[in-house]
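# Per-entry structural report
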Amino acid sequence: MDLIKKWTTDLRYLPYQQWSDSYLETLTTTVHQSKWRLNYHIQPITGLLNDPNGFSYFNGKWHLFYQAYPMGPVHGLKSWYHVTSDNLVDWQNEDLALVPDNSYDSHGVYSGSGIAIDDQLFLVYTGNVRDNQWQRSSYQMGAWLNQENQIKKIEQPLILQEPGYTDHFRDPQIFLYEESYYILLGAQDTDLNGKILTYRSDDLMNWQLLGELNFTDKEMGFMIECPNLIFTDDHAVLLFCPQGIDHEQLNYQNIYPNTYVIADAFDSENNQLTNTSDLKNLDEGFDVYATQAFNTPDGRALSVSWVGLPEISYPSDQDGWAHVLSMIKEISVENQQLVQKPVAEMKELRLENTPLAGSLSSKAVFLKKNVLSQYELNLVINEQTQGELTLFADETGHGFTLLFDTQNGTMTINREKVGIPFAEEYGQERSFTIDKGPLELQIFVDTSLIEIFVNGGKQVATARVFPTQTTTDLLLSAKQGTFSGNFWTLRSMK
Ligand code: FRU
């Protein structure tokens, strides 16, 4: 059997049971042979992964779900796939959890979230339905997950589409705030503006619309997807994905940005965020979208992102799979600035350490030669200088480059010269502002994924790459200065 080359709508929405065993065997074998599979990140077993859903802590474990279309590397009939973890770095595959099986979710169990209630996990999601004319209806649905991982869907919708809004009405985030439950919902009004709606409930079943969340007086594009409100360091942080937002309002190059604002507080009485910051990019790289975050019982604000973007093909498609989730990050607010760090548990992956130190000149030094792409690199460049770090460098010295200028406070990453090109129409380079002065970098590489934390997480830049070599070099050059750091090999996920 061959993999599907032409994905018609009929094929994308074919019930899972109707796919033959031999097709699934071919698909599984092809995915296993892919050279771009990751070793310590969550990835689909086969087919496509997109948004993280239902990130929560329940029954003594971390729970996470993701949007899954297991039959191929395309957006088709979506379900929630369930993974669990004791430590936020080793994730066990459980099973498909929420699958489309009734008249309120027949064409996809779309994104949503979860909250632990007593001894069960309450899940909210969007049921996506198409009629014979392919007209969409969206329903906000609920389900209970018990301690045996059994799911019981609530039969009737919790929230119906509101007048004044189109069928782009989805991605409920549920949270508890001052003893009431809230849902934030991504929406498009009938004038085609992106909005966030707020609902309140005291019993999880009856939801009252409070109206549009007031957090900006600017236009937020034609649709807002995946809103998330979290609370940290005496601030409220709203993460969301405005589609089609004007470039005058936000400088971005990705097809759709994942953005945030920081507010002093959530004023639930008036359904508004108070004293909100400007709109900013959550990630300065190429591929982060649909980030989901929640306030954990141990007092942290944790996030996880889809590393992938809507409407773009990636080279792993040819191997029958697409996209991954980011590592888990901890979000905080320091001096009115958002900071994202690898979750502390990431240290559990460290194996062998090579200390690095030396002086810099325009002739590049090899930080490491012939490395497998599964490592953490920590670097400090002490002086203000201009230079270049190259990851995935081949024999000619070409690879993924990170140009830094700590005199002027800029950084540019470029993936043009590594492996198979893709998404070229959105540019192969991203530039952003960093602090002037010494530079601190923490970089995680996992086969086909690079996650870069600059100056303790004040900026984060994420990039997929599709290298053709299994081992490559790490090079560093600069006008002047000295560097020190560590290179850690990392173990695979257990
Ligand atoms: C964002 C998104 C969500 C939707 C889901 C469907 O990537 O479009 O708005 O719920 O993906 O898979």
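- Taking an unreviewed UniProt entry as the reference, the chain is identified by name as Sucrose-6-phosphate hydrolase belonging to Enterococcus alishanensis.
- The UniProt entry for the chain carries the following comment under Function (unreviewed entry): "Enables the bacterium to metabolize sucrose as a sole carbon source."

## Observations concerning the domain arrangement of the chain
- Domains assigned within the chain are domain 1 (9-342) and domain 2 (348-490).
- Taking the mean C-alpha position of each, domain 1 and domain 2 sit 30 Å from one another.
- The interface of domain 1 with domain 2 comprises 38 residues on the first partner and 39 residues on the second.
- When domain 1 packs against domain 2, the two sides together hide about 3300 Å² of surface, and 60% of this comes from carbon and sulfur.
- Broken down residue by residue, the surface that domain 1 buries against domain 2 is led by Y40, E284 and F286, which jointly contribute 24%.
- Where domain 1 meets domain 2, there are one salt bridge.
- Where R415 meets D287, a salt bridge forms, and the shortest distance between an N and an O atom there is 3.1 Å.
- At six residues, strand β24 (residues 337-342) tops the list of elements feeding residues into the side of domain 1 that touches domain 2.

## Some words on the packing of aromatic side chains
- Taken as a whole, this structure holds 31 aromatic pairs when the rule is applied.
- The interplanar angle of 75 degrees and the centroid separation of 6.3 Å between the aromatic rings of Y314 and F466 together place this pair among those described as edge-to-face. Of the two residues, Y314 sits in the loop between β20 (301-307) and β21 (321-322) while F466 sits in the loop between β34 (459-464) and β35 (471-478), which places them 152 residues apart along the sequence.
- By the ring-pair criterion, three or more aromatic residues cluster together here, those being W7, Y16, W19, Y23 and Y69.
- One Lys or Arg, K369, reaches over the ring of F366 and ends 4.3 Å from the middle of that ring.

Here is what the cut-offs are and how they apply
- Residues numbered from 1 in each chain as written.
- Predicted model: local features only at pLDDT ≥ 70, side-chain atom pairs only at ≥ 80, totals over all residues.
- Heavy atoms only, no water.
- UniProt positions renumbered as here; feature names shortened; annotations may be inferred.
- Domains from an automatic or database assignment.
- Contact = heavy atoms within 4.5 Å.
- Buried area = accessible area lost by both parts, 1.4 Å probe.
- Salt bridge = Lys/Arg side-chain N within 4 Å of Asp/Glu carboxyl O.
- Helix = DSSP H or I, 4+ residues; strand = E, 2+ residues; numbered from the N terminus.
- Phe/Tyr/Trp six-rings, centres within 6.5 Å; stacked < 30°, edge-to-face > 60°.
- Lys NZ or Arg CZ within 6 Å of the ring centre and 35° of its normal.

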